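The residues making up each chain are set out below.
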Amino acid sequence: MTTTKKEVINMKASELRKLYLDFYKEKDHKEIGSGSLIPDNDPSVLFTTAGMHPLVPYLLGEKHPLGKRLVNFQKCLRTGDIDEVGDTSHLTFFEMMGNWSLGDYFKEKSITMTNEFLLDVLKIPQDRISVSVFSGDETAPRDEESARVWKELGYHDEQIFYYGKKENWWGPAGQTGPCGPDTEIFVDIGQEKCSDDCQPSCNCGKYFEIWNNVFMEYNKDADGNYEKMAIQNVDTGVGFERVLAVMNNAASVYETELFIPIIKKIEELTGTKYEEKAYQYRIIADHMRSATFVLGDDKAVVPSNVDQGYVLRRLIRRAYRYLVQMNAPENAMCQIAEVIIAKYSDNYPELARNHDFILTQLEKEEKVFGRTLAKGLKIARKIIDNLGDAKTIAAEDVFRLYETYGFPLEFTEELAEEKGVSVDIDGFHRLFAEHQEKSRQGAAQKFKGGLADSSGDTTKLHTATHLLNAALREVLGGDIYQRGSNINPERLRFDFSFDRKLTDEELKAAENFVNKVIAEKIDVVYEEMSVKEAEEKGVVGVFGDKYGERVKVYTVGPYSKEICGGPHAKNTGDLGTFKIMKEESVAAGVRRIKAKLT
Ligand code: SER
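Below, the structure is looked at part by part.

1. Observations regarding the overall build of the protein chain
So, step 1. Helices and strands together make up the secondary structure of the protein chain, namely 18 helices and 18 strands.
So, step 2. The C-alpha atoms of the protein chain give 26 Å as radius of gyration, which agrees with the globular expectation for 598 residues (25 Å, within 12%).
So, step 3. The C-alpha extent of the protein chain, read off along each of the three principal axes, is 75 × 70 × 45 Å.
So, step 4. Out of the 598 residues in the protein chain, the part that is buried amounts to 54%.
So, step 5. Across the protein chain, the 79 positively charged side chains and the 97 negatively charged ones have centroids separated by 4 Å.

2. Points about the packing of helix H12 (residues 355-385) against helix H14 (residues 409-419)
Packed helices, taken two at a time, are described by the angle their axes make and the gap between the axes.
So, step 1. Interaxial distance between H12 and H14 falls to 11 Å at its minimum, and their mutual angle equals 40 degrees. Compared by their axis directions, H12 and H14 come out oblique. Crossing angle aside, the handedness with which H12 passes H14 is right-handed. Counted together, Leu373, Leu377, Ala380, Arg381 and Ile384 of H12 and Phe411, Leu415, Ala416 and Lys419 of H14 form the full contact between these two elements.
So, step 2. Here the residues of the contact of H12 with H14 sort into seven nonpolar, no polar and two charged.

3. With respect to the packing of aromatic side chains
So, step 1. Within this structure, the stated rule accounts for 28 aromatic pairs.
So, step 2. Measuring from ring centre to ring centre gives 4.9 Å for Phe23 and Tyr24, while their planes differ by 80 degrees; the resulting arrangement is edge-to-face.
So, step 3. For Phe23, a relative accessible area of 7% corresponds to the buried category.
So, step 4. The buried category is assigned to Tyr24, whose relative accessible area is 1%.
So, step 5. Members of the aromatic cluster, each reached through a chain of ring pairs, are Tyr20, Phe23, Tyr24, Phe73, Phe117, Trp211 and Phe240.
So, step 6. We note Lys165 situated over the ring of Trp169; from NZ or CZ to the ring centre the distance is 4.5 Å.

4. Describing the site of the ligand
So, step 1. Looking at the ligand, the residues that line it are Ala50, Met52, Arg78, Met96, Trp170, Asn212, Val214, Asp235, Thr236 and Gly237.
So, step 2. Take Asp235: an N or O atom from its side chain is 2.8 Å from a nitrogen atom of the ligand.
So, step 3. The backbone of Gly237 places a nitrogen or oxygen atom 3.1 Å from an oxygen atom of the ligand.
So, step 4. In isolation the ligand has 230 Å² of accessible area, and contact with the protein removes 94% of it.
So, step 5. Secondary-structure elements contributing two or more residues to the shell around the ligand are strand E8 (207-220) and strand E9 (226-239).
So, step 6. Considering each element in turn, the shell around the ligand owes the most residues, three residues, to E9.
So, step 7. Partitioned by chemical class, the residues of the shell around the ligand number five nonpolar, three polar and two charged.

5. Focus on the side chain of Arg491
So, step 1. Assignment of secondary structure puts Arg491 in strand E13 (residues 491-497).
So, step 2. Buried Arg491, no salt bridge; nearest opposite-charge side chain is Asp307, N-O distance 5.8 Å.
So, step 3. Among all residues touching Arg491, those that are not within four sequence positions of it are Leu461, Asn486, Met581, Lys594 and Ala595.

6. Quick notes on the sheet that holds E13
So, step 1. Spatial ordering of the open sheet is given by E12-E13-E18-E17, a layout of four strands whose pairing is antiparallel. On the outer flanks of this sheet lie strand E12 (482-488) and strand E17 (578-587), each paired with one strand and no other. Averaged over all neighbouring strand pairs, the angle between strand axes comes to 15 degrees, with direction disregarded.
So, step 2. Note that E17 and strand E18 (residues 590-597) share eight bridges and pair antiparallel. The partner of Ile580 across the bridge, within E18, is Ala595.
So, step 3. In the packing of helix H17 (residues 504-519) onto the sheet, contacts are made with E17 and E18, and the angle to E17 comes to roughly 135 degrees.

7. A closer look at the nonpolar core
Where a protein is soluble and globular, its nonpolar side chains tend to be buried together.
So, step 1. In terms of nonpolar packing, the biggest core is built from 139 residues, with Tyr20, Leu122, Ile210, Trp211, Met288, Ile336 and Ile393 touching the most fellow members.
So, step 2. Discounting residues that sit within four places of it in the chain, Ile336 has contacts with Ile262, Lys265, Ile266, Leu269, Ile284, Met288 and Leu323.
So, step 3. With 33 residues, the next largest nonpolar core counts Leu461, Leu507, Val517 and Ala569 among its residues.

8. Structural notes on unusual backbone geometry
So, step 1. Residue Pro172 is reached from Gly171 by a cis peptide bond, and omega for that bond is 0 degrees.
So, step 2. Positive phi values are uncommon outside glycine, yet Ala300 reaches one of about 55 degrees.
So, step 3. Residue Asp307 is not a glycine yet carries a positive backbone phi of 45 degrees.
So, step 4. Along the chain, Asp307 falls in helix H9 (residues 307-325).

9. What about the pairing of E13?
So, step 1. Burial analysis of E13 places seven of its seven residues in the buried class, the great majority of the element.
So, step 2. Between E12 and E13, which pair antiparallel and follow one another directly, the connecting turn spans two residues.
So, step 3. Pairing of E13 with E18 involves six bridges; the strand directions are antiparallel. Counted as the bridge partner of Asp495 is Arg592 from E18.

Parameters and conventions
- Residue positions are given per chain, counting from 1 as you read along its sequence in written order.
- Thresholds applied to this predicted model are a pLDDT of at least 70 for local features of residues and 80 or more for the giving and counting of side-chain atom pairs; totals over whole chains, interfaces and linings are not thresholded and use all residues.
- Excluded from the side-chain calculations are hydrogens and water; all other atoms, namely the structure's heavy atoms, are used.
- Only runs of H or I of at least four residues qualify as helices and only runs of E of at least two qualify as strands under DSSP, and these elements are numbered from the N terminus.
- Throughout, radius of gyration means the C-alpha value; the globule benchmark is 2.2 Å times the number of residues raised to the power 0.38.
- Exposure is judged per residue with a 1.4 Å probe applied to protein chains only, and the accessible area is read against the type maximum: over 50% gives exposed, under 20% gives buried, and values in between give partly exposed.
- Neither His nor the chain termini are counted; the positive set is Lys and Arg, and the negative set is Asp and Glu.
- Working definition for charges: the position is that of NZ of Lys, CZ of Arg, CG of Asp or CD of Glu.
- Lines fitted to the C-alpha atoms define the axes, with helices restricted to the stretch that makes contact. Angles between their N-to-C directions range from 0 to 180 degrees.
- An angle counts as roughly parallel when it lies under 35 degrees, as roughly antiparallel when it exceeds 145, as roughly perpendicular when it falls between 65 and 115, and as oblique in every other case.
- Throughout, a crossing is termed right-handed when the near helix is turned clockwise from the far one, and left-handed when it is turned anticlockwise from it by less than a right angle.
- Contacts are assigned to residue pairs with any non-hydrogen atoms lying within 4.5 Å of each other.
- Side-chain classes follow a simple rule in which Ala, Val, Leu, Ile, Met, Phe, Trp, Tyr, Cys and Pro form the nonpolar group, Asp, Glu, Lys and Arg form the charged group, and the remainder, Gly included, forms the polar group.
- Side-chain rings of Phe, Tyr and Trp, where Trp is taken by its six-membered ring, are said to pair if the distance between their centres is within 6.5 Å; with planes under 30 degrees apart they count as stacked, over 60 as edge-to-face, and otherwise as tilted.
- Geometrically, a lysine NZ or arginine CZ counts as sitting over a ring once it is within 6 Å of the ring centre and also within 35 degrees of the ring normal.
- Nearness here has a simple test: a residue counts as near a molecule or strand if at least one of its heavy atoms is within 4 Å of that partner.
- Pairing of N or O atoms within 3.5 Å defines a polar contact, subject to two protein rules: one partner must be a possible hydrogen donor and the other a possible acceptor, and residues neighboring in sequence count only if both atoms are side-chain atoms.
- Surface exposure here means Shrake-Rupley accessible area, sampled with a 1.4 Å probe, where a residue is shielded only by the protein chains that are shown.
- Just to be clear on terms, a salt bridge is a Lys or Arg side-chain nitrogen sitting within 4 Å of an Asp or Glu carboxyl oxygen.
- When DSSP locates at least two bridges between a pair of strands, those strands are taken to pair.
- Put simply, a nonpolar core is a bunch of buried Ala, Val, Leu, Ile, Met, Phe, Trp, Tyr and Cys residues held in one set by side-chain atoms that sit within 4.5 Å of each other.

See below:
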């Protein structure tokens, strides 16, 4: 197969956004906004990793208020790819263009629409495209239908690759649930093959994986069996940054309009050149973008040592270290965040809304970590002074500097070079790999909980969360609003906007309010209504394009009316006794309550 000579095309990010949404809207898909980067009430995952994540209840069969065909842009964050960042296509934060068929069309129509968008709208030459389909195994047959459709659309046998579960199967997102074969689309960006065997599954950078249509036709049960489902969904995800790179003939996602202003800012701050230090620049740019979006989410996550806060801290610190290494001035992170906020606020207004919060948190983290780094420097010097005849810094010391004081290997190497000693690099890599394996096992454990746990306990706590929200509005006034919520089977955690500590009396009054509503044994009523109707009825929730034209509302008597996807307890009488365990500050203007039901 010969590859068509690449044309130079210039497509703006805003143009691509519009082309994509218009194409699917014309084909009767309804646009939904991006959900939060931090999943609602789902203790099993830290971040939204795909556009399908906020749609799980609908992929499991619940009716979506906007119908059976949906399209959107979703903010996503995947920490699993963190070690790949620095190459040409991997990112931690990215935008996923998604479209879904909820029990409507299936493989043929889905693939045909994908192909029409790629060839007729984006005008990507067909001979630059290859696709992969599921090759089949003992649990599910080869996906002949997808392969047939691609062939009928004019793809030659050598453009169609068959791979197994690892490559061409998606889900379930937890232990059980909907899943199925997928078909992935790759664009050849024109560089030489890395070897004779080079093909789309190769990581050398020749093939950009841009698009994935998942055909959710199976349900995996707790025993590991795959049963055909009665309803078949299509879940399609497209990498926005990657398609933009393809549309501009860029060699990497970083050389697109989305990153160029960030790269320029880093050049200005450090007096270095992207071409000389592409790897470091990419890490700084990627991590700063992720950190800005996490901090900019209305959920008000702050750097900490647990959960989302820990990931956020790691991203900030890694970016900061590289900036320090390149002699960036104090406050460089804030200056980079300003560029990101300006670039994205039209599409994600929450960034402008949380502008001050983002900058304050970055400044704070810079101060704390700056001190740690300085301490590490002293210790590193001492280690080197005490080396005596050894002349090599031991792997354990290099690793301690890395783990406790945030020193990247290059930092220690530079210091060692200055003093004329060497570093046990192999030993460091060995310890690093051991450590990574432990973290990976930890992360896998975290994911094991499966999808949003809808066990009885979490469902009741979910209803209690609505009642607590109502209670706080009653006790503190209607100005407070929800900034975050997290539920596990043991407790609820509710973050809300308020600028001082609550008194014991206020906490008691809120607790009593919830227990009073429980004692009244009120049915929790579910209904769908238009956004306008919800606004008129004083329903609590974030009104924005996130919900589309129709919303789901849960009502508890005269006390609570909230927009929510559910699920909820049937009657407040099922909840037991509500108890507030803790009230604390999480960030300026944000308080957190932890409570349980006994
Ligand atoms: N869920 C699939 C993915 O993440 C398709 O959107 O690739």
